[in-house]
Amino acid sequence: MSVVADPSDEPQPLTIPLLLRRGLALRCPLCGSGGLFRHWFTIVERCPRCGFRLERIEGHWLGALGMNTTVSFAAVLVAVIVGVALTYPDGSTTAAVIGIVATAIIVPLLFFPVSKTLWSAIDLAMRPLEPEDDVDPRWIPPASRHEA
Ligand SMILES: [Zn+2]
């Protein structure tokens, strides 16, 4: 994936919708840059543009794991409901089971990278930037700049 900038290359106030949009689009929550994944399952340590450390604390990815689990279980629930609705009472339960199992395998794999960037965005919404985050100062958003 290449590094693609937001339309504006200026730091924007980090509103919740902006953070969620960036998280869902696999972008850095702080600057909006792409290029955060080496492979589908391998996220870089820091954003290539602003230097934001994506794993801010030890255990950070537990939130992404929880989110991926929740989304996957919800998808499986939907697959079960759809499978039962389509096959009840005389349909092929084999087809329903295949659909449910496929959902249980595919959804967590597809959602994996989104869960990481989305969790990083949610984390940044809950825990604003701190000096230890050590980001490029040009990307510190206006709302969280400290007066000297
Ligand atoms: Zn960034």
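Parameters and conventions
- Residues numbered from 1 in each chain as written.
- Predicted model: local features only at pLDDT ≥ 70, side-chain atom pairs only at ≥ 80, totals over all residues.
- Heavy atoms only, no water.
- Helix = DSSP H or I, 4+ residues; strand = E, 2+ residues; numbered from the N terminus.
- Buried < 20%, exposed > 50% of the residue type's maximum accessible area, 1.4 Å probe, protein only.
- Donors = N, O, S within 2.8 Å, 3.2 Å for Na, K, Ca; no water.
- Phe/Tyr/Trp six-rings, centres within 6.5 Å; stacked < 30°, edge-to-face > 60°.
- Lys NZ or Arg CZ within 6 Å of the ring centre and 35° of its normal.
- Axes fitted to C-alpha atoms, helices over the stretch in contact; angles between N-to-C directions.
- Parallel < 35°, antiparallel > 145°, perpendicular 65-115°, else oblique.
- Left-handed = near helix turned anticlockwise from the far one by under 90°.
- Nonpolar A, V, L, I, M, F, W, Y, C, P; charged D, E, K, R; others polar.
- Contact = heavy atoms within 4.5 Å.

Focus on unusual backbone geometry
Here is step 1 of the chain: Across the junction of Tyr 88 and Pro 89, the peptide omega takes the value -5°, indicating a cis bond.
Here is step 2 of the chain: Residue placement: Pro 89 occurs in the loop between helix H2 (61–87) and helix H3 (93–126).
Here is step 3 of the chain: One non-glycine residue, Leu 26, lies in positive phi territory at about 60°.
Here is step 4 of the chain: On the basis of relative accessible area, Leu 26 is assigned to the buried category, the value being 15%.
Here is step 5 of the chain: Positive phi, normally seen in glycine, also occurs at Asp 134, with a value near 50°.

Notes on the coordination of the zinc ion
Any two of four tetrahedral donors ideally make an angle of 109.5 degrees at the metal, while pairs among six octahedral donors ideally make 90 or 180 degrees.
Here is step 1 of the chain: Only Cys 28 (SG), Cys 31 (SG), Cys 47 (SG) and Cys 50 (SG) from the protein coordinate the zinc ion, and they sit 2.2 to 2.3 Å from it.
Here is step 2 of the chain: In terms of primary sequence, the donors binding the zinc ion are separated according to C-x2-C-x15-C-x2-C. Of the two residues, Cys 31 sits in the loop between helix H1 (16–24) and strand S1 (37–39) while Cys 50 sits in the loop between strand S2 (42–43) and H2, which places them 19 residues apart along the sequence. Each of the two residues, Cys 31 as well as Cys 50, counts as buried.

Notes on the packing of aromatic side chains
Here is step 1 of the chain: Considering all chains together, one arrives at one aromatic pair under this definition.
Here is step 2 of the chain: The aromatic ring of Trp 61 is capped on one face by Lys 116, whose charged end is 4.3 Å from the ring centroid.

Quick word on the packing of H2 against H3
Packed helix pairs are specified by the crossing angle of their axes together with the interaxial distance, meaning the distance between the axes.
Here is step 1 of the chain: Axis separation between H2 and H3 bottoms out at 7 Å; the angle between their running directions is 150°. One finds that H2 runs roughly antiparallel with respect to H3. Crossing geometry of H2 relative to H3 is assigned as right-handed.
Here is step 2 of the chain: For the contact of H2 with H3, the per-class residue count stands at 18 nonpolar, nine polar and one charged.

A word on the packing of H1 against H3
Here is step 1 of the chain: Their axes nearest at 7 Å, the elements H1 and H3 cross at an angle of 160°. Between H1 and H3, the angle is such that the two are roughly antiparallel. When the axes of H1 and H3 are compared, the crossing they make is right-handed. Touching Ile 16, Leu 19, Leu 20, Gly 23 and Leu 24 of H1 are Val 114, Thr 117, Leu 118, Ala 121, Ile 122, Leu 124 and Ala 125, all from H3.

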